Amino acid sequence: MSNKRKHKTLDLNNKMEILKKLDSGENMCKLAKEYGVGRATIHDLKKKRQKIVDHVKTMESGPGKRKTLKVGDCPKMENALYMWFLQRRSKHTPISGEILKTKAIEFYKKITHKDDFRASDGWLDKFKKRFGIRLLTVSGEKLSSDESAVQPFIQHFKNKIEELGLLPDQIYNADESGLFWRLLPNKTFVSSTEASAPGRKVSKDRITFMPCSNATGTHKLDLLVIGKAKNPRAFKNICLPVCYKNQSRSWVTREVFSEWFHKDFVPEVRKFMKRSNLPIKALLVLDNAPGHPNEQELKSSDGNIQTIFLPPNCTPLLQPMDQNVIQKIKSLYKNKLLIHIISQDGDITQSLKGMNLKDVVFSLAHAWKSVSSNLIQSSWKKLWPTMNDVSETEETDEWDPEDNMPIVDWLKNLSEKGLETSEENLNSWFEGIEETEQIMTDEEIISEAVQEESFVEILEPPTTTTAIRVKPDNALMCFNTCITWAEENGMSAKDIIILRNMREKVFKQGLQVAQKQTSIKDYIF
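Note that the coordinates shown come from a computational prediction; the quantities given were computed from them, not determined experimentally.

Points about the overall build of the protein chain
Alright, step 1. Across its full length, the protein chain holds 21 helices and ten strands.
Alright, step 2. The contacts in the protein chain between residues at least 6 apart in sequence include a share of 72% that link residues at least 24 apart.
Alright, step 3. Accessible surface, the protein chain as shown: approximately 27,400 Å² in total, 50% of it carbon and sulfur.

The structure is reproduced here in structure tokens:
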């Protein structure tokens, strides 16, 4: 009788579990036995760790039951469709399967100039699995705020607090928001005069930030900031005042949020409760954003730190952070942005180009620190009317007098720098109206999706390569460019070291052959 082990294919959930257990020091042989696979399989997972983790981070609601990293027959179209889907869902727009299929056909025609794609139910099911998309809403779901669900939830929330025996210090809220950190009142970007597609530059200059605080404002966690780069060059050798995480499109995904909850939120809450001599238990109030895991996944190991979700279409009515807290953070950040523009020599384009992600996170952190506890307390009044009454008058901010500069003075100073805008435009900009309207068009989405696919082709070239002859000097210049690009776009330290070692070999070979041409095969980097 054969004792040969039956072949088993692990899904991405299992693979992520194994990687986490390897990080905690568990033995490979033990893990192989636990999951019913060979030790070589565990070893391969460890080698492919970064590729698996990066891919799962791009999935809206995690890996689900997906087993492989394979792409569809038209990856450019699917990338564009997924970007479009995330944009719409970030604004809580209901998306049905039929809407997705119609949009897929539209993107396919625009990208391939062909008419031979059939968006079948089978394709839709595979697309959802590839990108970790959860259940789609049915057609006809209300887009407007659902006031009928407000009072029942307020009562449910009150009952939950009494059941758990929680005080205002133990109840938290978090909400994410996008920020186009170079967006000026007239929608002028630093890249507006450049040749590349505006949509790509707009996306590049976007981050997501998320404030989180308890209901009294006595415990404000460091802002969560999500950017594209894993290790931004501007962050080198500095201590960040925020909790920074990366995601390929700066979105909050299920994987990113889960990591923040378990590794940042839970430990910080426990520390605060100990300092405050309070029972170590808490409740986090969240909305139904697509990147949030369910209540069962967002729970501490002992079950004492839990989450509760607002009903659909009630975020503008009940979400505390949406009651002027996020707007206040953005307004204070934009004050600093305009002060930076006005105080710099040279034109606006050069001033904006001089800014980097370090400047942004420090300004955001300062803005969040300046949000008063009174404003945070008053933001809970719609959800929790019976919470202790507090004055809505804010405490004195720590910002400079220029932060309260009248609109007319801003207009005058901006005009002197060559930026003409109206009072209405400027007010809308401070309130964030322009920013919420800044959605990429279909053409801009397609442009970005196609460029991303080009990068994939460069990073994963065909197996057949053709030798070309290149001068050593030219090869060195190419490697220098690649290394700079890798550092700026957050590639792993291991990959950068490989590039540098290859550059060193080219340099030594160039010295040996002097002015002779050197045949260098296509390198994979």
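A few points about the sheet that holds strand β7 (residues 282-286)
Alright, step 1. In space, the four strands of this open sheet follow the order β4-β1-β7-β8, with mixed pairing throughout. Sheet topology places β4 (212-214) and β8 (305-309) at the edges, where each strand pairs with a single neighbour. Between one strand axis and the next, the sheet turns through 25° on average, direction left out of account.
Alright, step 2. Bridge count for strand β1 (residues 171-174) against β7 is three bridges, and the pairing is parallel. Bridge assignment links Y172 to a residue of β7, and that residue is L284.

Observations concerning the pattern of salt bridges
A pair can form between side chains of opposite charge whenever their charged atoms are brought close.
Alright, step 1. Counted by the stated rule, this structure contains 15 salt bridges.
Alright, step 2. Between E106 and K110 there is a salt bridge, and its shortest N-O distance comes to 3.4 Å. Residue E106 and its partner K110 are located together in helix α6 (residues 97-112), separated by four residues, close to a single helical turn.
Alright, step 3. On the accessibility criterion, K110 (34% relative accessible area) is partly exposed.
Alright, step 4. The structure contains a network of salt bridges with shared partners spanning K103, E106, K110, D442 and E443.

Some points on the UniProt feature "DNA-binding region" (unreviewed entry) in the protein chain
Alright, step 1. UniProt marks residues 28-48 with the feature "DNA-binding region" (unreviewed entry), using the numbering shown here.
Alright, step 2. Helix and strand shares over residues 28-48 are 81% and 0% respectively, and the end C-alpha atoms of the span are 15 Å apart.

Digging into the packing of helix α16 (residues 407-416) against helix α17 (residues 423-431)
To describe two helices that pack against each other, one gives the angle between their axes and the distance between the axes.
Alright, step 1. Viewed as axis vectors pointing N to C, α16 and α17 meet at an angle of 105°, and their least axial separation amounts to 10 Å. Judged by the inter-axis angle, α16 sits roughly perpendicular to α17. Contacts between α16 and α17 involve I407, W410, L411 and L414 from the former and E423, L426, N427 and F430 from the latter.
Alright, step 2. Residue composition of the contact of α16 with α17, by class: six nonpolar, one polar and one charged.

A look at the pairing of strand β3 (residues 206-210)
Alright, step 1. Most of β3 is tucked away, with five of its five residues classed as buried.
Alright, step 2. Note that strand β2 (residues 177-180) and β3 share four bridges and pair antiparallel. Note on β3: the bridge partner recorded for F180 is R206.
Alright, step 3. Both β3 and strand β5 (residues 224-227) contribute to a ladder of three bridges, which runs antiparallel. The residue of β5 that forms the bridge with M210 is L224.

Quick notes on the pairing of strand β6 (residues 243-246)
Alright, step 1. Burial along β6 is two-sided: C243 and K245 facing one way and Y244 and N246 facing the other are all buried.
Alright, step 2. With four bridges joining them, β5 and β6 adopt parallel strand pairing. Residue pairing across strands places V225 opposite Y244, the latter belonging to β6.

Quick word on the packing of aromatic side chains
Alright, step 1. This structure, assessed with the given rule, holds twelve aromatic pairs.
Alright, step 2. Members of the aromatic cluster, connected to one another through ring pairs, are Y172, F257, W260, F261 and F265.
Alright, step 3. R206 extends its terminal NZ or CZ atom over the ring of W251, reaching a point 4.6 Å from the ring centre.

Some thoughts on the environment of F235
Alright, step 1. Mapped onto the secondary structure, F235 falls in the loop between β5 and β6.
Alright, step 2. Classification of F235 as buried rests on a relative accessible area of 10%.
Alright, step 3. For the pair F235 and V361, spaced 126 residues apart in the sequence, the C-alpha separation amounts to 9.9 Å.
Alright, step 4. Non-local contacts of F235, meaning those with residues more than four positions away in its chain, are made with L240, Y244, L357, K358 and V361.

Here is what the cut-offs are and how they apply
Residues numbered from 1 in each chain as written. Predicted model: local features only at pLDDT ≥ 70, side-chain atom pairs only at ≥ 80, totals over all residues. Heavy atoms only, no water. Helix = DSSP H or I, 4+ residues; strand = E, 2+ residues; numbered from the N terminus. Contact = heavy atoms within 4.5 Å. Areas by Shrake-Rupley, 256 points an atom, 1.4 Å probe, with all protein chains shown as cover. Pairing = 2+ DSSP bridges. Axes fitted to C-alpha atoms, helices over the stretch in contact; angles between N-to-C directions. Salt bridge = Lys/Arg side-chain N within 4 Å of Asp/Glu carboxyl O. Buried < 20%, exposed > 50% of the residue type's maximum accessible area, 1.4 Å probe, protein only. UniProt positions renumbered as here; feature names shortened; annotations may be inferred. Parallel < 35°, antiparallel > 145°, perpendicular 65-115°, else oblique. Nonpolar A, V, L, I, M, F, W, Y, C, P; charged D, E, K, R; others polar. Phe/Tyr/Trp six-rings, centres within 6.5 Å; stacked < 30°, edge-to-face > 60°. Lys NZ or Arg CZ within 6 Å of the ring centre and 35° of its normal.

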